[in-house]
Amino acid sequence: MKNILYIVLMVLFVYSCGLTKNSGKGHKNSNTENDTVRIANDSLEYEIIIIEPGFNLFINSIARPKGYYSQSYLENKNRILVNDYNNRVRQPMRYNNNLYVQEINYDPQIDYGYEVNYLLYYYFVYLSRQYNQRFTVPTRI
């Protein structure tokens with residue numbers, strides 16, 4: 001019985017080691033690079049970079065699919081959430097300055113497109129769930 005247990009553990013170990021290997025070109029081993037989401041549009045001169053461990057997993061497994069919310073819904077939420085977030089950046093003695101590092105330059109007059117608004121909204125949802133933060137507007141899934 002002990003031998004069977006050791007064999008099963010050994011097979012699981014070998015199998016799990018095989019899952020961590022790169023499966024082709026272009027893959028990087030750094031967890032930070034895998035958890036970095038970057039969207040840019042040079043014609044509008046905007047860029048959103050989200051570097052947060054676990055954010056990619058959250059987007060791919062927990063977040064609602066793209067198209068679930070309308071762009072106007074996301075823009076309205078983001079307008080309020082960005083304002084709330086930036087107020088917290090300006091108050092480092094009151095809020096954790098490791099969570100609120102840099103202000104987000106979000107202009108409600110600019111059409112950033114669906115994808116940027118989607119990722120920005122779900123960044124706030126992730127932030128509220130992962131770090132137990134409450135914003136003035138509820139963030140839901």
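Further up the page is the structure itself.
Described in the following lines is the structure provided in the data block.

Cut-off values and rules
Residues numbered from 1 in each chain as written. Predicted model: local features only at pLDDT ≥ 70, side-chain atom pairs only at ≥ 80, totals over all residues. Heavy atoms only, no water. Helix = DSSP H or I, 4+ residues; strand = E, 2+ residues; numbered from the N terminus. Contact = heavy atoms within 4.5 Å. Salt bridge = Lys/Arg side-chain N within 4 Å of Asp/Glu carboxyl O. Buried < 20%, exposed > 50% of the residue type's maximum accessible area, 1.4 Å probe, protein only. Phe/Tyr/Trp six-rings, centres within 6.5 Å; stacked < 30°, edge-to-face > 60°. Lys NZ or Arg CZ within 6 Å of the ring centre and 35° of its normal.

## What about the environment of I104?
And step 1. Positionally, I104 belongs in the loop between α4 (71–89) and α5 (114–130).
And step 2. Taking the C-alpha atoms as reference, I104 lies 8.5 Å from N83; in sequence the two are 21 residues apart.
And step 3. If sequence neighbours within four positions are ignored, I104 has contacts with V82, Y85, N86, L120 and F124.

## Some details on the pattern of salt bridges
Side-chain pairs of opposite charge can arise where the charged atoms are in close proximity.
And step 1. Enumeration over the complete set of coordinates arrives at three salt bridges.
And step 2. Notably, a salt bridge pairs K66 with E115, separated by 3.1 Å at the nearest N-O pair. Note that K66 is positioned in the loop between α3 (55–61) and α4 and E115 in helix α5, a separation of 49 residues in sequence.
And step 3. When its relative accessible area of 47% is taken as the criterion, K66 is described as partly exposed.
And step 4. When its relative accessible area of 38% is taken as the criterion, E115 is described as partly exposed.
And step 5. Two residues, R90 and E103, come together in a salt bridge whose shortest N-O distance is 3.1 Å. With R90 in the loop between α4 and α5 and E103 in the loop between α4 and α5, this pair connects stretches of sequence that are 13 residues apart.
And step 6. Assessed through its relative accessible area of 46%, R90 is described here as partly exposed.

## Thoughts on the packing of aromatic side chains
And step 1. Throughout the structure, instances matching the rule amount to 19 aromatic pairs.
And step 2. With 6.0 Å between their ring centres and 20 degrees between their planes, Y114 and Y118 make a pair best called stacked. You can see Y114 and its partner Y118 sitting in helix α5, four residues apart, about one turn around the helix.
And step 3. Here Y114 falls in the partly exposed class, since its relative accessible area comes to 21%.
And step 4. You can call Y118 buried: its relative accessible area is 3%.
And step 5. Positioned over the ring face of Y68 is R64, at 4.5 Å from the centre of the ring.

## Re the side chain of N117
And step 1. Among the secondary structure elements, N117 is positioned in helix α5.
And step 2. Overall, N117 belongs to the buried group, its relative accessible area being 0%.
And step 3. In contact with N117, other than residues within four places in its own chain, are Q71, L74, E75, N78, Y106 and Y112.

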